[in-house]
Amino acid sequence: MALAVTTVRCYSVDDALCFSGSRTGAIHNHDVRIAEHQVATLANHTQEVCGLKWSPDGRQLASGGNDNLINIWDMNSSSTPLHTLTRHQASVKALAWCPWQPSLLASGGGTADRCIRFWNTNTGACLNTIDTGSQVCAVLWSKEHRELISGHGFTQNQLTIWKYPIMSKITDLTGHLSRVLCLCMSPDGSTVVSAAADETLRFWQCFTVDKAAKKSSALSNRDKPNSMMRQSIR
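If you're wondering where the values come from, they're calculated on a predicted model, not measured in any experiment.

The rules behind each value
- Residues numbered from 1 in each chain as written.
- Predicted model: local features only at pLDDT ≥ 70, side-chain atom pairs only at ≥ 80, totals over all residues.
- Heavy atoms only, no water.
- Helix = DSSP H or I, 4+ residues; strand = E, 2+ residues; numbered from the N terminus.
- Buried < 20%, exposed > 50% of the residue type's maximum accessible area, 1.4 Å probe, protein only.
- Contact = heavy atoms within 4.5 Å.
- Areas by Shrake-Rupley, 256 points an atom, 1.4 Å probe, with all protein chains shown as cover.
- Pairing = 2+ DSSP bridges.
- Axes fitted to C-alpha atoms, helices over the stretch in contact; angles between N-to-C directions.
- Core = buried A, V, L, I, M, F, W, Y, C linked by side-chain atoms within 4.5 Å.
- Phe/Tyr/Trp six-rings, centres within 6.5 Å; stacked < 30°, edge-to-face > 60°.

S.K.: What am I meant to see in the overall build of the protein chain here?
M.R.: Broken down by element type, the protein chain carries 1 helix and 18 strands. The 234 residues of the protein chain split such that 46% are buried. Within the protein chain, contacts between residues at least 6 apart in sequence are counted, and of these 38% link residues at least 24 apart. When the accessible surface of the protein chain is totalled, it reaches about 11,800 Å², and 50% of it is carbon and sulfur.

Put into C-alpha cells, the structure is as follows:
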C-alpha cells in the first residue's frame, strides 16, 4: 500500500478513523481497526497538504495546502469538496474550528498573505479578514473566552491574543527566536504551549479559568441537551 511521503497530520473522529495529508496533495482516510487501513482518498489539492482539522461535531474536515487553497469536506459525501476557499495568497497551514460554533473556521496564511480569515463553512462565505502583519503559522481558539491566539513568523516570531469578533489585539507574547510551528492548548483551557523552529517549547499562561463557575455551569446543564455553546466568563 502506498503511504504519504511527507509529515503526516492525523485527526481522529472516534479513535479509529483518521486522515493524513501527503506531498502530492492527496488526503488519505485510514481505518486503524483493519489491516488494509487506507479506505479512501480525497483529492483536490495540487500541492502538499500542510493543515488538517476536524470540526467539533465531526461532520466536516478542513484541509489547507501549499496551493493557497482551503477545502471543506463533508464527511457524509466526501468524494468532492463541499467548498474550495480561495482568498488566501499563500500556503495555509493554520486552521482552527470555533469550539462553540461548529461551522466557524479560522485560517491563517503564510508570508505573502499574513491574514487570519474567518469562514462560514456551511455557505463558504468569508466573514472577516484581519491583516496580522506577519506569517500566520498556527491558530487556536480559547475554550473559555471569546478570544483566539495566533502563532507567527518573521519578524517577531510572536504569539498574539485577539478579542473575537472585533479582532482587537489584546497582547503579544514574545520570546521565540524563530517562527512558531504549532500551538496546543492544555486540557483545562488555561495554558498554551508553542513549538518553534528555534527548537524550544514555551508554556504560556494565557486564559483565566474560573473553576467554580465552570463546575456550577456544568451541574446546571447536566440534564440539558448537549450544546456546542459556551458562555464567556469575562
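On we go.
S.K.: Any chance you could explain the sheet that holds strand β14 (residues 159–163) here in plain terms?
M.R.: The strands making up a sheet associate through backbone hydrogen bonding, with each pair oriented either parallel or antiparallel. The antiparallel open sheet is built from 4 strands, whose spatial order is β12-β13-β14-β15. The open sheet has two free edges, formed respectively by β12 (136–141) and β15 (168–173), since each of these has just one partner strand. Neighbouring strand axes in the sheet, compared pairwise and without regard to direction, differ in orientation by 20° on average. Note that β14 and β15 share 5 bridges and pair antiparallel. For Lys163, the partnering residue across the bridge sits in β15 and is Ser168.

S.K.: When you look at the nonpolar core in this model, what are you seeing that I'm missing?
M.R.: It is characteristic of soluble globular proteins that their nonpolar side chains tend to be buried jointly. Of all hydrophobic cores here, the largest spans 15 residues; its most connected members are Phe118, Val139, Trp141, Leu148 and Tyr164. Ranked by residues supplied to this core, first place goes to β12 with 3 residues. Not counting chain neighbours up to four residues away, the residues in contact with Leu148 comprise Ala106, Phe118, Val139, Leu140, Trp141, Ser142, Thr160, Ile161, Trp162, Tyr164 and Met167. Residues Ala138, Leu159, Val180 and Cys206 belong to the second largest nonpolar core, which totals 13 residues.

S.K.: Sorry, what's going on with the sheet that holds strand β1 (residues 17–21) here?
M.R.: Pairing is antiparallel in the open sheet, where 3 strands are placed in the order β1-β2-β3. Each of the sheet's edge strands pairs with one partner strand only, and the pair in question is β1 and β3 (38–43). Taken pair by pair, the neighbouring strands of this sheet meet at an average axis angle of 25°, ignoring direction. As defined by bridge partners, β1 adjoins strand β2 (residues 26–31) across 5 bridges and the pair is classed as antiparallel. Residue pairing across strands places Phe19 opposite Asn29, the latter belonging to β2.

S.K.: Would you take a moment to explain the packing of aromatic side chains for this structure?
M.R.: Two aromatic rings, taken as a pair, are described by how far apart their centres are and by the angle between their planes. Taken as a whole and judged by the stated rule, the model has 6 aromatic pairs. Ring centres 5.2 Å apart and planes at 70° place the aromatic pair Phe19 and Trp54 in the edge-to-face group. In this pair, Phe19 is assigned in strand β1 and Trp54 in strand β4 (residues 49–54), connecting sequence segments 35 residues apart. Taken together, a centroid distance of 5.4 Å and an interplanar angle of 85° make the contact between Trp100 and Trp141 edge-to-face. Taken together, the residues Trp100 in the loop between β8 (92–97) and β9 (104–109) and Trp141 in strand β12 connect sequence positions 41 residues apart. The class for Trp141 is buried, based on a relative accessible area of 5%. Pairwise contacts between aromatic rings join Trp100, Phe118, Trp141 and Tyr164 into one cluster.

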